[in-house]
Amino acid sequence: MAMLNIPTSVDDPAYRYKMPRIVSKKEGRGNGSKTGIMNMGDVAGALKRKPEYCAKFFGYELGAQTSYSNNKDTGERTVINGHHETKVFQDLLDKFIEKYVLCQNCNLPEIDMVVKKDRIMAGCKACGWSGELDPAHKLANYIVSHPPDTGIGFDADTGKKAKASREERQKAREERKRLEAEGGGDAASDEEKKAKKDKKDKKEKKEKKAKKEKKDDGEDDDEDDEDEEGEKKEKKEKKAKKDKKDKKDKKDKKDKKEKKEKKKKAKDDSDDDDDEDGDKSDDDQTTKYGDDACKSLIADMVAWSEKQGKLTPSALFDELRPMQVTLRFDNSLRMFVVLSILFKDGDMKAKGVTDNKAIIKHFVTNGNVEFPDWIWGFDAFLDANPQSLKGYPMVLKALYDEDIADESGILKHYKAEKSTPGFEAAAKVAAPFLKWLETADDSDEESGSGSGSGSDSD
């Protein structure tokens, strides 16, 4: 899945701070209408914030009730009352990032939060800034009553700023230098940098002088031993805490992976049980042809494709596959989505099929999709876009000429009786081409037979 910059207003492809694009799905209607965010945990994880904070922020901004849950039985679920577009959530997320993720000095997402005396305090690992985050927003009360896990930017007991790891400081420093060199970011001026350096040098000199005086008085040895012992103990505690967190992260990743594999296995099993007509039961297929989730997915994918310029089979597959797993739809609907992206104006012609044969072939061969399953996507496209019916016989011929479809599959499919979307209209307009296929077969047989007789007489 394509990643977005944090925040999306940063227009720099080399920017190192990335997050997944929000995936949402509309459910229900009338008073029961709601919108589910399918990957809130992944998005919040990239921001290093609790998913509940993002969900609550959306609710406060939209004036809607929200809920977030994550358990073994139902998995992760984020629900916001009412129907809302994905773009609305993405814009609100940028607003949340500005208030509670970005440093107010260097504008990098390198701050850690801690609640101290009912105030949301933050410290930046990149530039050293520290201060209070927006206390006026309704979310502030929720954060105070549900404080974040203490980050490395603050000490849990004292609430004072703590040192970031050398690796984190180095990465943040490199990013700031790169932005400064390119003229981006809000880097501090030369005067500010010089003032900070002078202040630091002055402090170090003062500490060295005090230490030297203590050593001359014979008082420093014991204190040095105590300091060294304290530092060792502190390092040991930090290492133990880090190891514990790493174990928890690994366990969470393992559980998440197992859950995904179970879902995929369940879906594959259900696909095997689908009949030749491509009918799918409501339980096995969450996202269906014609529903709001399908329309929203197509709109998002078309917007994504327009930003890509020239589409490649692998790029489109890599972008669409995670959506297929998240929104749970089969390969038949996947082909319909692909065609809706390739022919976004609703006008499918033979030339367009030939020009995009590599992409169509990729989605047919990847997973060995059977002919009745993928041709379902073409029938459904005609149902959604009747203006393409007239040119459909030539589309079938293009599929046949490019060896994507064979004559036996085409004849068997359109000579059968089916009640799937667009099938009846597609079969009707395809009749001349089907007749041509049958005639071509007969001509080949007669030609072969005549040739044989000629050989015998000679």
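Figured I'd write up the structure that's included with this text.

The rules behind the values
Residues numbered from 1 in each chain as written. Predicted model: local features only at pLDDT ≥ 70, side-chain atom pairs only at ≥ 80, totals over all residues. Heavy atoms only, no water. Salt bridge = Lys/Arg side-chain N within 4 Å of Asp/Glu carboxyl O. Helix = DSSP H or I, 4+ residues; strand = E, 2+ residues; numbered from the N terminus. Buried < 20%, exposed > 50% of the residue type's maximum accessible area, 1.4 Å probe, protein only. Contact = heavy atoms within 4.5 Å. Disulfide = S-S within 2.5 Å. Phe/Tyr/Trp six-rings, centres within 6.5 Å; stacked < 30°, edge-to-face > 60°. Axes fitted to C-alpha atoms, helices over the stretch in contact; angles between N-to-C directions. Nonpolar A, V, L, I, M, F, W, Y, C, P; charged D, E, K, R; others polar. Core = buried A, V, L, I, M, F, W, Y, C linked by side-chain atoms within 4.5 Å. Pairing = 2+ DSSP bridges. Parallel < 35°, antiparallel > 145°, perpendicular 65-115°, else oblique. Left-handed = near helix turned anticlockwise from the far one by under 90°.

1. A short note on the pattern of salt bridges
Argument step 1. Using the criterion set out here, one finds 15 salt bridges in the structure.
Argument step 2. Between Lys349 and Asp347 there is a salt bridge, with its nearest N and O atoms 3.5 Å apart.
Argument step 3. Linking Lys397 and Asp401 is a salt bridge whose minimum nitrogen-to-oxygen distance equals 2.9 Å. Of this pair, Lys397 and Asp401 are both found in helix H14 (residues 392-401), four residues apart, which corresponds to roughly one turn of the helix.
Argument step 4. Within the structure, one salt-bridge network assembled from shared partners comprises Arg16, Glu110, Asp112 and Lys125.

2. Section: the side chain of Ser340
Argument step 1. Within the element layout of this structure, Ser340 appears in helix H10 (residues 331-342).
Argument step 2. Its relative accessible area of 9% is what places Ser340 among the buried residues.
Argument step 3. The contact partners of Ser340, leaving out residues within four places of it in the chain, are Ile298, Val302 and Phe381.

3. With respect to the state of the cysteines
What makes a disulfide is a covalent bond joining the sulfur atoms belonging to two cysteines.
Argument step 1. On inspection of all chains with the given rule, the structure shows zero disulfides.
Argument step 2. Free of any disulfide, Cys124 has its nearest neighbouring cysteine sulfur in Cys103, separated by 3.7 Å.
Argument step 3. For Cys124, a relative accessible area of 6% corresponds to the buried category.

4. Some words on the packing of aromatic side chains
Argument step 1. One pass over the full model with this rule turns up 16 aromatic pairs.
Argument step 2. Judged by centre distance (5.5 Å) and plane angle (65°), the rings of Phe57 and Phe96 are edge-to-face. Note that Phe57 is positioned in helix H2 (residues 51-62) and Phe96 in helix H3 (residues 86-100), a separation of 39 residues in sequence. In terms of burial, Phe57 and Phe96 fall into one category: buried.
Argument step 3. Ring plane angle 80° and centroid distance 5.1 Å describe the contact between Phe371 and Trp374, whose orientation is recorded as edge-to-face. One end of the pair, Phe371, and the other, Trp374, are both in helix H13 (residues 371-384), three residues apart, so they sit about a helical turn from each other. Here Phe371 and Trp374 have matching classes, each one buried.

5. A closer look at the packing of H14 against helix H15 (residues 407-415)
Argument step 1. For the pair H14 and H15, interaxial distance at closest approach is 10 Å and the crossing angle is 145°. In this structure, H14 uses Tyr392, Leu396 and Tyr400 to contact H15, whose residues at the interface are Glu407, Ile410 and Tyr414.
Argument step 2. By residue class, the composition of the contact of H14 with H15 is five nonpolar, no polar and one charged.

6. Some thoughts on the nonpolar core
Argument step 1. Core analysis: the biggest nonpolar cluster contains 56 residues, and Met348, Trp374, Phe378, Tyr392, Leu399 and Tyr414 have the highest contact counts within it.
Argument step 2. Where this core is concerned, the elements lending two or more residues are helix H8 (292-308), helix H9 (313-327), H10, helix H12 (357-365), H13, H14, H15 and helix H16 (423-457).
Argument step 3. Ignoring any residue separated from it by four or fewer positions in sequence, one finds Phe378 in contact with Met335, Leu339, Met348, Ile360, Tyr392, Val395 and Leu399.
Argument step 4. Tyr17, Ile80, Tyr100 and Cys103 belong to the second largest nonpolar core, which has 40 residues in total.

7. A closer look at the sheet that holds strand E8 (residues 119-124)
Argument step 1. Spatially, three strands are ordered E7-E8-E9 in an open sheet, and the strand pairing comes out antiparallel. Two strands bound the open sheet, and with one partner strand each, they are strand E7 (111-116) and strand E9 (130-132). Neighbour to neighbour, the strand axes of the sheet diverge by 25° on average, direction disregarded.
Argument step 2. The sheet contact formed by E7 and E8 spans six bridges and is antiparallel. Among the inter-strand pairings, Val115 is bridged to a residue of E8, identified as Ile120.

8. Looking at the packing of H10 against H13
Between two packed helices, both the angle of their axes relative to each other and the distance between the axes serve to describe the pair.
Argument step 1. For the pair H10 and H13, interaxial distance at closest approach is 7 Å and the crossing angle is 50°. Comparing their axes, H13 and H10 come out oblique. Seen from above, H10 lies across H13 with right-handed handedness. Taking contact as the criterion, the partners of Ser332, Leu333, Met335, Phe336, Leu339 and Ser340 in H10 are, on H13, Asp373, Trp374, Trp376, Gly377, Phe378, Ala380, Phe381 and Ala384.
Argument step 2. Residue composition of the contact of H10 with H13, by class: ten nonpolar, three polar and one charged.

In short, the description is geometric, and any link to function would need to be established separately.
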